[in-house]
Number of protein chains: 2
Amino acid sequence: MPDLSRRRLLTGAGLAVGAGAAAVAGAGLVRQPEPARPDPAGVVVPFYGPHQAGIATPVQDRLHFAAFDLSTDSREEVVAMLKAWTAAAARMTAAQEIGGGATGTELAPPDDTGEAIGLPASRLTLTVGFGPSFFDKLKLPRPDLLKELPHFPADKLDPARSGGDLCVQACADDPQVAVHAVRNLVRIGFGTASIRWSQLGFGKTSSTTPDAQTPRNLMGFKDGTNNIAGTDGRKLDEHVWVGAEGPEWMRGGSYLVARRIRMHVETWDRSSLKEQEDVFGRTKREGAPYGGAREHDPVVLDKMPVDAHVRLANPAALSGVTILRRGYSFTDGSDGLGRLDAGLFFLAYQRDPEKGFIPIQRALAAKDALNEYIQHVGSGIFACPGGVRPGSFWGETLLA
Amino acid sequence: MPDLSRRRLLTGAGLAVGAGAAAVAGAGLVRQPEPARPDPAGVVVPFYGPHQAGIATPVQDRLHFAAFDLSTDSREEVVAMLKAWTAAAARMTAAQEIGGGATGTELAPPDDTGEAIGLPASRLTLTVGFGPSFFDKLKLPRPDLLKELPHFPADKLDPARSGGDLCVQACADDPQVAVHAVRNLVRIGFGTASIRWSQLGFGKTSSTTPDAQTPRNLMGFKDGTNNIAGTDGRKLDEHVWVGAEGPEWMRGGSYLVARRIRMHVETWDRSSLKEQEDVFGRTKREGAPYGGAREHDPVVLDKMPVDAHVRLANPAALSGVTILRRGYSFTDGSDGLGRLDAGLFFLAYQRDPEKGFIPIQRALAAKDALNEYIQHVGSGIFACPGGVRPGSFWGETLLA
């Protein structure tokens, strides 16, 4: 399935991915063991562009997400770190070693930690966001739309898995490539920012390529069938990219909401098929909405139980509210009580959280039948600035 | 790189994997989206055979390892669970749903949790082992060679990540397939055994296919170059498979040592290239042993520092002691102190732990230069019985 979806994704995303790969391969920058044979895992997603990569980009298979806290209130130090991060990110996403593999002396630490040497780019994207506290610490004007999320009923947020001054979302088809990227940004940021929490996601649960099968979440369901397609420029402009409303440095950017959603899989696994299907409002095997026969058949709200997840989260029930989802399944061992610590690391991008995640989660928290089986245990909100152009750095228009 | 190594593995492992795949594909059991096109990720590793799969099997990309504690001292209940586990494992490793997808009624919980529906077998293997406490609880004679591991200097073992009455090692090229398998065994075992600890491994660090490049660990080094090849019957018989010494139910089986080894990656990343290479006794980029030019050049002990890891762990320094390694890198978020909780989940199979892991670890714990950068924080030892034949179940010759 990963190989298949990779193939499909590449077909569906010829525009962004294919062009970049050709350009970079032509420049001889892709370190592939077999350069003559096209290898989907080696494809480079362009780092530079009007938007940050990793938002509308076809969803990669694996995730390493990290939230950081600043250990300084010096804007200069943060700018220096972001410049170094940007330079490293541009190299890593092109499958190049940081420092080009030419360390000045073997008596110095290597510029690159090395565990990705020889691995292809694996569609690595790195996406940066700034949390509300970033602006407070650096005495910068906070965008009006970037507020701490409200408390939702049944939230049980762990402060050690929530918040953060900055975040980095690393997505790649090879987890070693994503982990390597975050680890090197941590290393570069030493003294300026330190990691607050991080999360690995082993399998994507969303697709931004509408021709692909929606991957199943750990409840065994296809959730997120009606996600925004990464190629749907109109919907992206309407619901995801910040436009003329600004601030200027957020133009082409987006607001990211991250939620660590624990699933009580043991309880779920002991509930009947009918209960499970009623909770989602879709059949389990096919993923068809109640009243339909196939996954992509239209959702007819009144065919579903009033508290079905799909009914409550549907744009039609929420005055058109729409978000772009890029969630990943996680399993972080067990919880000491004989239960898997597993669930969904939910990532959603939107132009305005008040017209995206917040009304959706208000509706779900109030009456979603799924609430019996899940709990939100971590949370973060971040302003992800617009794209980076060559010679620029992450957040330059905000900080410089 | 994963795609490449997968291709290589398949070539190098035609014997075990190819034959099984052909047999099962011929029987129409492999659920592949494109059955007409050979898809390496869909290959089925035969579940039945003289040895359990997952030991000499070419190492898959991802791991989910789980240790269980019995909640009963009834041998009958444990036999019933192992029978059900075996039946489920035979299906899951062939990419079949547990229960065949035909639930009796939608008012019952599904027989299969469903998140692997539509995914290929992904070379899934499931390997079961019994810990020392398994025998004590069930009043069974414990094999002489299955003793709790001794304490090694600098061990800092967390009881919550150590021990266990049983273990299941799930390896697959798709993590969703490995996680699904463990989760369903947990579900089936409910009331008889519960999960004590579990560990995800995102990337293999060992290879049992000598023609492949050794994957890099999170220190950026190729460690485990001279591993036993899964096709080297002579070495397997000599060092891995239990023979006539028995007990009978262990014939064709092996002893598994699992160690969770935390790496202090932040400290490592700040040490010089020379220090790093001296610690391993290999160059970082190529992986060549000191005095050699290429990764697979012979290790010449006196070319290396006396405390180099490769020198101390080399069979030549240990009277021929040899183990089969199947370790995986892990990253379990961060530790609350701004450091990644990352390292190596070490898995080693051997015919006799006293002639395998124990003397190696005694030598390493005493003077390995690597000790400054690592710590053993979890540990387990398990007796993995011989292979399962159709109609039999895991541990039948021990328990029936």
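In the annotation of an unreviewed UniProt entry, chain A is listed under the name Deferrochelatase and assigned to Streptosporangium album. Note on chain A: under the UniProt heading Sequence similarities (unreviewed entry), the record states "Belongs to the DyP-type peroxidase family." The annotation that UniProt attaches to chain A under Catalytic activity (unreviewed entry) is "heme b + 2 H(+) = protoporphyrin IX + Fe(2+)".

Engineer: Just to check I follow, could you spell out the interface of chain B and chain A for this structure?
Structural biologist: For interface size, the figure often reported is the accessible area lost on association. Each partner contributes to the interface: chain B provides 65 residues, whereas chain A provides 66 residues. Applying the counting rule to chain B against chain A returns four salt bridges. One salt bridge in this structure joins Arg183(B) and Asp269(A), with 2.8 Å as the shortest N-O distance. Linking chain B with chain A are 18 residue pairs in polar contact (both at pLDDT 80 or more). Every element with two or more residues in the side of chain B that touches chain A is listed here: α1 (2–12), β1 (62–70), α5 (175–189), β4 (193–201), α7 (265–269), α8 (273–280) and β8 (328–334) of chain B. Among the residues forming the side of chain B that touches chain A, the class breakdown is 25 nonpolar, 17 polar and 23 charged.

Engineer: For this particular structure, what's the right way to read unusual backbone geometry?
Structural biologist: Residues other than glycine predominantly adopt negative phi, and peptide bonds predominantly adopt the trans conformation. The peptide bond linking Gly246(A) to Pro247(A) adopts the cis configuration, its omega dihedral lying at 5°. Relative to the elements of secondary structure, Pro247(A) occurs in the loop between α6 (233–240) and β6 (254–263). Positive phi outside glycine occurs at Ala95(B), with the angle close to 65°. One can find Ala95(B) in the loop between α3 (75–93) and β2 (125–130). Residue Ala95(B) is classed as buried on the basis of its relative accessible area, which comes to 6%. In this structure, Ser319(B) takes a positive phi of about 50° despite not being glycine. As for its position among the elements, Ser319(B) is in the loop between α9 (309–313) and β7 (324–325). For Ser319(B), a relative accessible area of 78% translates into the label exposed.

Engineer: So what exactly am I meant to see when it comes to the pattern of salt bridges here?
Structural biologist: A side chain of one charge can pair with a side chain of the opposite charge when the charged atoms of the two come close. All names here are of chain A. Within this structure, the stated rule accounts for 40 salt bridges over all chains. Note that Asp 335 and Arg 262 form a salt bridge whose closest N and O atoms lie 3.0 Å from each other. With Asp 335 in the loop between β8 (328–334) and β9 (340–350) and Arg 262 in strand β6, the pair connects residues that are 73 residues apart, well separated along the chain. Exposure remark for Asp 335: the relative accessible area of 24% places this residue in the partly exposed category.

Engineer: I would appreciate a short explanation of helix α6 (residues 233–240) of chain B in the present structure.
Structural biologist: Note on helix geometry: an α-helix contains 3.6 residues per turn, so any two residues three or four positions apart are oriented the same way. Residues and elements named next belong to chain B. Among the residues making up α6, those that are buried are Leu 236, His 239 and Val 240. Around the axis of α6, the buried residues are gathered within 95° of arc, so they sit on the same side. Looking at the buried side of α6, the elements it contacts are β6 (254–263), β7 and β9 (340–350).

Scoring rules and cut-offs
Residues numbered from 1 in each chain as written. Chains lettered and ligands numbered in written order. Predicted model: local features only at pLDDT ≥ 70, side-chain atom pairs only at ≥ 80, totals over all residues. Heavy atoms only, no water. UniProt positions renumbered as here; feature names shortened; annotations may be inferred. Contact = heavy atoms within 4.5 Å. Salt bridge = Lys/Arg side-chain N within 4 Å of Asp/Glu carboxyl O. Polar contact = N/O pair within 3.5 Å; in protein donor to acceptor, adjacent residues only side chain to side chain. Helix = DSSP H or I, 4+ residues; strand = E, 2+ residues; numbered from the N terminus. Nonpolar A, V, L, I, M, F, W, Y, C, P; charged D, E, K, R; others polar. Buried < 20%, exposed > 50% of the residue type's maximum accessible area, 1.4 Å probe, protein only. Arc of directions from axis to C-beta.

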